[in-house]
Amino acid sequence: MSKTEHECCAVEKAILKSFNRQSLLSNDNSFWNGIRFQFTQSRSASALPDEVVFPENAIHIYTEMPSGYVVEARINGRLQKSSLVTGHSLIIPRGTTYWQSDNHKSKGITLGLNFGFLERILCESIDLSSLELHPQFPTFDPLIYQIGLALKAELEQNRHSSRLYAESAATFLATHLFHHYAQGKQKEQITTSGLPKYKLQQVIDYIHANLECNIGLTELADLVQMSLSHFSRLFKQSTGYSPHQFVIKCRVERARELLLKGDLSIADITYKVGFANQGHLTSHFKRLLGVTPKVVREK
């Protein structure tokens, strides 16, 4: 297990322990870098959980609960009762002491964000040494809620080729957190019109050469030695697509070329271009080209 994976697992254990929860779904073996995902449900409340110090930044999103749901929580010694509805999220920065009393059955999404990963995302726009992420008792943030649901859906439907999507979503989430729930210095933004042409071509060549692989945002940003958020922003300025959208577009285009050659079955082409299954190929193919792979093959 790598250092990053070990740290993310520590966050997971802290979350499950302090929330008195058990995991129903996780991103084990999905190769997501820097983000830990858990879909959890509460255990029977036989005893109150212990107070826990969180080793990394974490978010808990409440997704399913009975009406009149109330949680009593203590963050860094401050106690508060909160009446919750679906979509409320709790933000716990690393080093935060947390405890809660919860006697109701509920389900939720928990996310752990590795600090090293956050540095990779934000180093060019935010001075993390002078920045402090503030803990938040449950509050409704529709963007956090939608990102949590999107990660859950991607993990359920596309586990083995979901890395680029997950890391892109985590980059967007981290940027949102530190712009809305933190205080500190932001570095002066350098405005550009996109990636330099040679760097853009370097990334595009790499994508085309590795379409069958589970490409990650971190490795694309590494190619041009940029932070994740800065790379994502400049790549979209250059191409009109997010990195994830661009990779999907390239996979569909490659699949079309292979279908027209007629040498491989649709099932073989699916895996050769990096889609998790034939259903995903068909869905994206029809969305982007307006026809199914079968129609192209018949032509």
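Calculation rules
Residues numbered from 1 in each chain as written. Predicted model: local features only at pLDDT ≥ 70, side-chain atom pairs only at ≥ 80, totals over all residues. Heavy atoms only, no water. Salt bridge = Lys/Arg side-chain N within 4 Å of Asp/Glu carboxyl O. Helix = DSSP H or I, 4+ residues; strand = E, 2+ residues; numbered from the N terminus. Buried < 20%, exposed > 50% of the residue type's maximum accessible area, 1.4 Å probe, protein only. Pairing = 2+ DSSP bridges. Axes fitted to C-alpha atoms, helices over the stretch in contact; angles between N-to-C directions. Contact = heavy atoms within 4.5 Å. Phe/Tyr/Trp six-rings, centres within 6.5 Å; stacked < 30°, edge-to-face > 60°. Lys NZ or Arg CZ within 6 Å of the ring centre and 35° of its normal. Core = buried A, V, L, I, M, F, W, Y, C linked by side-chain atoms within 4.5 Å.

### Concerning the pattern of salt bridges
Okay, so step 1: Evaluation of the coordinates by the stated rule reveals six salt bridges.
Okay, so step 2: For Arg 74, the salt bridge identified is with Glu 51, shortest N-O distance 3.3 Å. Pair noted here: Arg 74 is in strand β5 (residues 69–75) and Glu 51 is in the loop between β2 (35–42) and β3 (52–53), with a separation of 23 residues, a long-range link.
Okay, so step 3: Judged by relative accessible area, Arg 74 falls into the partly exposed class, the value being 26%.
Okay, so step 4: Lys 152 is the salt-bridge partner of Glu 156, the closest N and O atoms lying 2.8 Å from each other. With a gap of four residues between them, Glu 156 and Lys 152 both fall in helix α3 (residues 142–158), about one helical turn apart.

### Thoughts on the sheet that holds strand β9 (residues 107–113)
Okay, so step 1: If you trace the six strands from one edge of the open sheet to the other, you get β1-β2-β9-β4-β7-β11, paired in antiparallel fashion. Each edge of the sheet is formed by a strand with only one pairing partner; in this case those strands are β1 (21–26) and β11 (136–140). Going from strand to strand, the sheet's axes swing by 25° on average, the running direction of each strand aside.
Okay, so step 2: Looking at chain direction, β1 and β2 are connected through five bridges and run antiparallel. Residue Ser 26 lies in a different strand from β2, and its bridge partner there is Gln 38.

### Let's talk about the sheet that holds strand β6 (residues 78–84)
Okay, so step 1: Strand order in this open sheet of four strands is β3-β8-β5-β6, and the pairing throughout is antiparallel. This sheet does not close on itself; its edge strands, each paired only once, are β3 and β6.
Okay, so step 2: Here two bridges tie β3 to strand β8 (residues 97–101), and the two strands are oriented antiparallel to one another. In the sheet register, Val 53 faces β8, and the bridge partner there is Thr 97.

### Re the environment of Lys 81
Okay, so step 1: Assignment of secondary structure puts Lys 81 in strand β6.
Okay, so step 2: Assessed through its relative accessible area of 63%, Lys 81 is described here as exposed.
Okay, so step 3: Considered as a pair, Lys 81 and Val 70 are eleven residues apart in the sequence and their alpha carbons are 6.8 Å apart.
Okay, so step 4: Those residues in contact with Lys 81 that lie beyond four places of it in its chain are Val 70, Val 71 and Glu 72.

### A word on the pairing of β8
Okay, so step 1: Counted residue by residue, β8 has five buried out of five residues, so it is predominantly covered.
Okay, so step 2: Both faces of β8 are covered, namely the face carrying Thr 97, Trp 99 and Ser 101 and the face carrying Tyr 98 and Gln 100.
Okay, so step 3: Taken together, the four bridges between β5 and β8 define a ladder with antiparallel strand orientation. Bridge pairing links Ile 75 to Tyr 98 in β8.

### Let's talk about the packing of aromatic side chains
Okay, so step 1: Tallying each qualifying case throughout the model produces seven aromatic pairs.
Okay, so step 2: Measuring from centroid to centroid gives 5.3 Å for Phe 235 and Phe 246, while their planes differ by 85°, and the two rings are edge-to-face. A residue pair is termed long-range when its members are at least 10 positions apart, and Phe 235 in helix α7 (residues 228–239) and Phe 246 in helix α8 (residues 243–261) qualify at eleven residues.
Okay, so step 3: In textbook terms, an aromatic cluster arises when at least three aromatic residues are bridged by ring pairs, as seen for Phe 231, Phe 235, Tyr 241 and Phe 246.
Okay, so step 4: Of note, Arg 74 hangs over the ring of Trp 99, and the distance from its end group to the ring centre comes to 4.7 Å.

### Structural notes on the nonpolar core
Okay, so step 1: Phe 37, Leu 111, Leu 151, Leu 177, Ile 207 and Phe 231 are the most contacted members of the largest nonpolar core, which has 51 residues in total.
Okay, so step 2: When residues of this core are assigned to their parent elements, the largest contribution, eight residues, is made by helix α4 (residues 163–180).
Okay, so step 3: Counting 14 residues, the second largest nonpolar core, distinct from the first, contains Val 52, Phe 54, Ala 58 and Tyr 69.

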